[in-house]
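Listed below, chain by chain, are the residues.
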Amino acid sequence: MLPWPADDLSVYGPVTSSPVSRAQQYVARAMYRNWALIPHVTHNDDVDITAFETRRKEWNAAHPEQKRSLLSALVKASVATLQRYPRFNSSLSADGTTLISKQYFHIGIAVDVPNGLLVPVIRDCDTQSIDQVGGQIASISEKAKTKGLSLAEMSGGCFTLSSLGHIGGTSFSPIINAPEVAILGICRSQDRFLPDAEGKPVLRQLLPLSLSYDHRVINGADAARFLRSIADWLAEYKFE
């Protein structure tokens, strides 16, 4: 491998220097390791959430004290899909000879904080309601942004969600959070005209999802089925 360029950048123009925080250095090392050692593939799909969002907004209008977010629904959809496709809820041993299947469902939520990125883990999401999940997302995200998180609060995840929906974008390739084998990227939903059964254009709300997966463990067909299963869960979810 070639050595890192050691140019004196100040000879090209004015520069400023600032130290990289210890937390961000750790994240950078983990990201480099994960990208270098895991053969990543990203599958992209657009999920029609038109009916889901109509029902969600109706629910939130009727229950202003108990509003439900798309992210909390995606956590529950991910758990249901992990149960349907348990290979996604596994980890590969360091030597690549053993696949460890998990019987628990702890979901990581990537949180954008001032000094970089933290991934708190919400435990036992299979036994919690969508409202309990939503409450935990709000509280742990606030703690991540203000007080910081302990290593224990960021350990033990099965599957991670990384959402850029509050910012924008149409797709991206999130880096897998080892020893997990997949991660779901979420972008901002978009309104798009699609043909109905008669070929007439109908305005639909589409949610771009990007699923990065470890190709040593998961094949492309199962990745496609995984996102379709999430789409089906959202389409069938009844707000009650």
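In every chain, residue numbers begin from 1 and rise along the written sequence. For this predicted model, a pLDDT threshold of at least 70 governs which residues receive local features, and a threshold of 80 or more governs which side-chain atom pairs are given and counted, while totals over whole chains, interfaces and linings are taken from all residues. To get the side-chain values, all heavy atoms of the structure are used, and hydrogens and water are removed first.

For clarity, the threshold we go by: UniProt positions are given in the numbering used here, feature names are shortened, and annotations may be inferred rather than shown by experiment.
The Subunit (unreviewed entry) field of the UniProt record for the protein chain holds the comment "Forms a 24-polypeptide structural core with octahedral symmetry." Listed in UniProt under the heading Function (unreviewed entry), the comment for the protein chain reads: "The pyruvate dehydrogenase complex catalyzes the overall conversion of pyruvate to acetyl-CoA and CO(2). It contains multiple copies of three enzymatic components: pyruvate dehydrogenase (E1), dihydrolipoamide acetyltransferase (E2) and lipoamide dehydrogenase (E3)."

## A short note on the side chain of S229
Formally: The numbering of helices and of strands both runs from the N terminus, where a helix is a DSSP run of H or I of at least 4 residues and a strand a run of E of at least 2. Think of it in three bands: residues with accessible area under 20% of the maximum for their type are buried, residues over 50% are exposed, and the middle band is partly exposed, with areas taken using a 1.4 Å probe on protein chains only.
Positionally, S229 belongs in helix α5 (residues 220–236). Classification of S229 by relative accessible area gives buried; the value is 7%.

## Concerning the pairing of strand β9 (residues 182–186)
Note the following rule: Any two strands between which DSSP finds at least two bridges are classified as paired.
Counting buried positions over the five residues of β9 gives five, a clear majority of the element. Burial along β9 is two-sided: A182, L184 and I186 and I183 and G185, pointing in opposite directions, are all buried. In terms of strand pairing, strand β8 (residues 159–163) meets β9 through four bridges, oriented parallel. Each residue of the ladder has a partner; that of T160, found in β9, is I183.

## A short note on the pattern of salt bridges
Heads up, the condition is: For this document, the term salt bridge refers to a Lys or Arg side-chain nitrogen within 4 Å of an Asp or Glu carboxyl oxygen.
Using the criterion set out here, one finds nine salt bridges in the structure. Residue R56 is joined to E53 by a salt bridge in which the shortest nitrogen-to-oxygen separation is 2.6 Å. Linking R56 with E53, this pair stays in helix α2 (residues 50–62), spanning three residues, or about one helical turn. Pair check on accessibility: R56 and E53 agree, each one buried.

## Side note on the packing of aromatic side chains
Using the following cut-off: Pairs were defined over the aromatic rings of Phe, Tyr and Trp, the Trp ring being its six-membered one, requiring ring centres within 6.5 Å. Orientation was assigned from the angle between planes: stacked under 30 degrees, edge-to-face over 60, tilted for the rest.
Tallied over the full model, the rule gives six aromatic pairs. With 5.5 Å between their ring centres and 50° between their planes, F159 and F226 make a pair best called tilted. With F159 in strand β8 and F226 in helix α5, this residue pair connects regions lying 67 residues apart in the sequence. Judged by its relative accessible area of 0%, F226 is buried. Grouping aromatic residues by their ring pairs yields a cluster made of F52, W59, W233, Y237 and F239.

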